[in-house]
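Summary of structural features
Below, each chain spelled out in residue letters.
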Amino acid sequence: MEARAQLNYLRISPRKVSIVLDLIRNKPVNLAMAILKHTPKAACEDLQKLLKSAMANAENNHNMDVAKLYVAECSVSQGPILKRIRPRAQGRAYRIDKKTSHITIVLKEKD
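Residues numbered from 1 in each chain as written. Predicted model: local features only at pLDDT ≥ 70, side-chain atom pairs only at ≥ 80, totals over all residues. Heavy atoms only, no water.

1. Some details on a positive patch on the surface
Together, Arg 11, Lys 16, Lys 41, Arg 84 and Lys 98 make up a region of like positive charge exposed at the surface. Tracing the backbone through its elements, the reader meets Lys 41 in the loop between α2 (29-38) and α3 (44-61). Overall, Lys 41 belongs to the partly exposed group, its relative accessible area being 44%. (Patch = residues over 30% accessible without salt bridge, like charges linked within 9 Å, V, L, I, M, F, W, Y side chains within 5 Å. Areas by Shrake-Rupley, 256 points an atom, 1.4 Å probe, with all protein chains shown as cover. Salt bridge = Lys/Arg side-chain N within 4 Å of Asp/Glu carboxyl O. Lys, Arg positive; Asp, Glu negative; His and termini not counted. Charge placed at Lys NZ, Arg CZ, Asp CG, Glu CD. Helix = DSSP H or I, 4+ residues; strand = E, 2+ residues; numbered from the N terminus. Buried < 20%, exposed > 50% of the residue type's maximum accessible area, 1.4 Å probe, protein only.)

Dropping the structure here:
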């Protein structure tokens, strides 16, 4: 039995999100929530909301015990890139890629 939550089109680079996901992988949810709360990274606030959503899904949809939950899987993949242009000297233009992320968190119960 597993509960999952997904966040699509988050306007943070997948590389920055994966650093934070590596911190909470295979941890109990209460410890994962504490890690996210005290880590000074931009992705932590959105990951906290996603983890809370996965916990609510586990409790309400699958009747799982919240005290026994742990982060079984968490992954990030790249979403579409927003392409923007920055004007430069002598009429040139540099492209700025604003990357997006798709994040998935899967929670399971410890036996």
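So that's the structure; there's more coming.
2. A closer look at the environment of Leu 10
Tracing the backbone shows Leu 10 in strand β1 (residues 2-10). It is 6.5 Å that separates the C-alpha atoms of Leu 10 and His 102, two residues lying 92 residues apart in sequence. Discounting chain neighbours no more than four positions away, the residues touching Leu 10 are Val 17, Asp 46, Lys 99, Thr 100, Ser 101 and Ile 103. (Contact = heavy atoms within 4.5 Å.)

3. Some words on the pattern of salt bridges
If you walk through the whole model with that rule in mind, you get three salt bridges. For Glu 2, the salt bridge identified is with Arg 4, shortest N-O distance 2.9 Å. Looking at Glu 2, the relative accessible area reads 30%, which means it is partly exposed. Accessibility expressed as a relative area gives 44% for Arg 4, which makes it partly exposed. The salt bridge involving Arg 95 is made with Asp 97; its shortest N-O contact spans 3.2 Å. Using a relative accessible area of 56% as the deciding quantity, one classes Arg 95 as exposed. Of the residues examined, Asp 97 reaches a relative accessible area of 34% and is grouped as partly exposed.

4. Here's the deal with the packing of aromatic side chains
Taken as a whole, this structure holds zero aromatic pairs when the rule is applied. Of note, Lys 110 hangs over the ring of Tyr 70, and the distance from its end group to the ring centre comes to 4.7 Å. (Phe/Tyr/Trp six-rings, centres within 6.5 Å; stacked < 30°, edge-to-face > 60°. Lys NZ or Arg CZ within 6 Å of the ring centre and 35° of its normal.)

5. Side note on the nonpolar core
The biggest cluster of nonpolar side chains holds 27 residues, and the ones touching the most others in it are Val 17, Leu 47, Leu 51, Ile 105 and Leu 107. Broken down by secondary-structure element, the contributors of at least two residues to this core are β1, α1 (14-24), α2, α3, β2 (69-78) and β5 (101-109). Looking at which element gives the most residues to this core, the answer is α3, with seven residues. Contact partners of Leu 51, with chain neighbours within four places excluded, come to Val 29, Ala 32, Met 33, Leu 36, Val 71, Ile 105 and Leu 107. (Core = buried A, V, L, I, M, F, W, Y, C linked by side-chain atoms within 4.5 Å.)

6. With respect to unusual backbone geometry
Unusually for a residue other than glycine, Asn 26 sits at a positive phi of about 65°. Note on placement: Asn 26 falls in the loop between α1 and α2.

7. Topic: the sheet that holds β5
Taking strand neighbours across the sheet as the criterion, the three strands line up as β1-β5-β2 in an open arrangement whose pairing is antiparallel. Whereas interior strands pair on both sides, the edge strands pair on one side only; in this sheet they are β1 and β2. The average angle at which neighbouring strand axes cross in this sheet is 15°, direction not considered. With seven bridges joining them, β1 and β5 adopt antiparallel strand pairing. Bridge pairing in β5 links Gln 6 to Thr 104. (Pairing = 2+ DSSP bridges. Axes fitted to C-alpha atoms, helices over the stretch in contact; angles between N-to-C directions.)

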